[in-house]
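What follows is the residue order along each chain.
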Amino acid sequence: MNKIAIIGAGRVGETAAQMLAEKETCREIALLDVREDAARGAALDICQTSPFFDFDTRVYGSENPVVIADADLVVVTAGLPRKPGMSRSDVLEANVRILDGILDQVLEFAPDSTLLIVSNPVDVLTFYAWKKTGWDRSRVFGQAGVLDASRMANFIAQETGFSSMDITTLVLGGHGDTMVPLPRYCTVNGIPVRQFIDQEKLAEIIARTRDGGAEILALRKTSSAYDAPGAAVVAMADAISHNRKRILPCVALLEGEYQESDIAMGVPCILGDGGLEKVVELQLNEDELALFRQSVSYIRGDLERLASL
Ligand code: NAD
């Protein structure tokens, strides 16, 4: 991949840019932010880490949208983060307005790109971006489940003492209180996690995963999470850039899968150089399906609010 543009050079955007540069996922990274000089400053700071991390990726920034021209992948991290006590849905109205202007810029300067939405509420904003661009769903999707799954893996690693490198987790549904962590699909090097953690502890881990973002926000107070969110963006960009055909949970437009359509939410997907190449359908059991449907109705509530704006 030649160029990745990141719109919103705030905490998540800058962190993702730094990690993308370190990994040399692409040749160029463009940062765009409305705050005067902010993107340029962030880019310069990242460039000055190149001798430490041995990369020669070009990183540059501007407040002029032309900077995103011809990007292969556009990552949207612009928007208001929530404050302690707020839900992701509380920033819906403000962030839809911001996204709307950004989509105009993407349509003008990077009309052949693939769009990765990160700003919250990510499920609703991904749906909005898909609707407004009219693009195929393979080119418009969001990041949520990769982060939620990494949080769950870390909690399992802390509980068991095993290496997080051996832990596989899967989290579906909306990115919020109704997310659906799936312990049945969690393993330690192929061994079901239930062999190592009792039911009660696992329930605590599931609850902590659902509240993972709020826990960090409450501790940091003036900022929500950005290190792991940045890394989650990089995992997805890297899968696309290297055509890895990874199965990662993405916020995807459903077109009949899981018997849902006209909604964007977290499901396992194949990511490769065709973007979101396929939605993978799981045989959910009755309990899992009930949680998934709860998540659907929560997101549909936000989509109704979106329609009334
Ligand atoms: P931040 O405030 O640090 O950064 C947001 C940046 O967006 C700011 O620099 C701001 O100037 C910029 N911005 C605002 N309007 C813009 C526009 N029209 N064009 C370009 N830039 C614009 O916030 P953050 O902590 O980086 O979080 C960014 C977003 O990502 C929030 O909506 C947050 O909720 C979301 N987030 C999502 C996930 C996820 O898993 N999906 C995880 C963490 C954060």
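In this text the structure is predicted, and so the values were computed from the model without any measurement.

The rules behind the values
Residues numbered from 1 in each chain as written. Predicted model: local features only at pLDDT ≥ 70, side-chain atom pairs only at ≥ 80, totals over all residues. Heavy atoms only, no water. Pairing = 2+ DSSP bridges. Helix = DSSP H or I, 4+ residues; strand = E, 2+ residues; numbered from the N terminus. Salt bridge = Lys/Arg side-chain N within 4 Å of Asp/Glu carboxyl O. Buried < 20%, exposed > 50% of the residue type's maximum accessible area, 1.4 Å probe, protein only. Expected span 1.5 Å × (residues − 1). Near = heavy atom within 4 Å. Polar contact = N/O pair within 3.5 Å; in protein donor to acceptor, adjacent residues only side chain to side chain. Areas by Shrake-Rupley, 256 points an atom, 1.4 Å probe, with all protein chains shown as cover. Nonpolar A, V, L, I, M, F, W, Y, C, P; charged D, E, K, R; others polar. Phe/Tyr/Trp six-rings, centres within 6.5 Å; stacked < 30°, edge-to-face > 60°. Lys NZ or Arg CZ within 6 Å of the ring centre and 35° of its normal. Patch = residues over 30% accessible without salt bridge, like charges linked within 9 Å, V, L, I, M, F, W, Y side chains within 5 Å. Contact = heavy atoms within 4.5 Å. Domains from an automatic or database assignment. Buried area = accessible area lost by both parts, 1.4 Å probe.

**Some points on the sheet that holds strand E7 (residues 167-168)**
Then, number 1: Judged by pairing direction, the sheet is antiparallel, and its three strands sit side by side in the order E7-E10-E11 without closing on themselves. Only two strands of the sheet have a single partner each, and these edge strands are E7 and strand E11 (191-192).
Then, number 2: Bridge count for strand E10 (residues 187-188) against E11 is two bridges, and the pairing is antiparallel. Bridging across to E11, Thr187 finds its partner in Pro192.

**Brief notes about the pattern of salt bridges**
Then, number 1: Applying the stated criterion to the full structure yields 20 salt bridges.
Then, number 2: Of the charged contacts in the structure, one is a salt bridge between Glu204 and Lys201, with a shortest N-O distance of 2.9 Å. Here Glu204 and its partner Lys201 are both found in helix H7 (residues 199-210), three residues apart, which amounts to about one turn of the helix.
Then, number 3: Overall, Lys201 belongs to the partly exposed group, its relative accessible area being 28%.

**A closer look at helix H5 (residues 122-133)**
Then, number 1: Taking 1.5 Å per residue, 12 residues should reach 16 Å; H5 reaches 16 Å between its end C-alpha atoms and fits that length.
Then, number 2: Of all 12 residues in H5, 10 are buried; the element is thus mostly enclosed.
Then, number 3: Those residues of H5 not exposed but buried are Val122, Asp123, Val124, Leu125, Thr126, Phe127, Tyr128, Ala129, Trp130 and Thr133.
Then, number 4: The first or second residue beyond H5 is Gly134, which carries a positive phi of 75°.

**Details of the site of the ligand**
Then, number 1: Around the ligand there are 27 residues in total, and Val12, Asp33, Arg35, Val118 and Gln143 lie nearest to it.
Then, number 2: Note that an oxygen atom of the ligand is positioned 2.8 Å from one of the backbone N or O atoms of Val12.
Then, number 3: Here an oxygen atom of the ligand sits 3.2 Å away from a polar atom, N or O, in the side chain of His175.
Then, number 4: For the ligand, whose free accessible area comes to 860 Å², the fraction covered by protein is 88%.
Then, number 5: Contributions of two or more residues to the shell around the ligand are made by helix H1 (11-23) and helix H4 (92-109).
Then, number 6: For the shell around the ligand, a count of residues per class yields 14 nonpolar, 10 polar and three charged.

**Remarks on the packing of aromatic side chains**
Then, number 1: With the rule as written, the count across this model stands at three aromatic pairs.
Then, number 2: On the numbers, 5.7 Å between centres and 50° between planes, the contact of Phe127 with Trp130 is tilted. Pair noted here: Phe127 and Trp130 are both in helix H5, with a separation of three residues, about one helical turn.
Then, number 3: Note on Trp130: relative accessible area 18%, which makes it buried.
Then, number 4: Where Tyr258 meets Phe292, the ring centres are 5.0 Å apart and the plane angle is 35°; that geometry is what we call tilted. Note that Tyr258 is positioned in the loop between strand E12 (246-255) and strand E13 (261-272) and Phe292 in helix H10 (residues 286-307), a separation of 34 residues in sequence.
Then, number 5: The exposure class of Phe292 is buried, given its relative accessible area of 0%.
Then, number 6: Directly above the ring of Trp135 sits Arg139, whose terminal nitrogen or CZ lies 3.9 Å from the centroid.

**Some words on a nonpolar patch on the surface**
Then, number 1: On the surface, Phe162, Ile191 and Phe196 cluster together into a nonpolar patch covering about 230 Å² of accessible area.
Then, number 2: Relative to the helices and strands, Phe196 resides in the loop between E11 and H7.
Then, number 3: For Phe196, a relative accessible area of 34% translates into the label partly exposed.

**Things to note about the environment of Ala43**
Then, number 1: Note that Ala43 resides in helix H2 (residues 38-47).
Then, number 2: Judged by relative accessible area, Ala43 falls into the buried class, the value being 2%.
Then, number 3: Ala43 sits 23 residues away from Leu20 along the chain, and the two C-alpha atoms are 12 Å apart.
Then, number 4: In contact with Ala43, not counting residues within four places along its chain, are Leu31, Val59, Tyr60 and Gly61.

**Points about the domain arrangement of the protein chain**
Then, number 1: Taken domain by domain, the protein chain consists of domain 1 (3-142) and domain 2 (145-308).
Then, number 2: Taken over C-alpha atoms, the centre of domain 1 sits 21 Å from the centre of domain 2.
Then, number 3: If you look at the interface, domain 1 gives 37 residues, while domain 2 gives 46 residues.
Then, number 4: A combined buried area of about 3500 Å² lies between domain 1 and domain 2, and 67% of that area is made up of carbon and sulfur atoms.
Then, number 5: When the buried area of domain 1 at its contact with domain 2 is split by residue, Arg88, Asp123 and Arg137 rank highest and sum to 21% of it.
Then, number 6: Counting across the domain 1 and domain 2 interface gives two salt bridges.
Then, number 7: Here Glu257 and Arg137 are joined by a salt bridge, their closest N and O atoms 2.8 Å apart.

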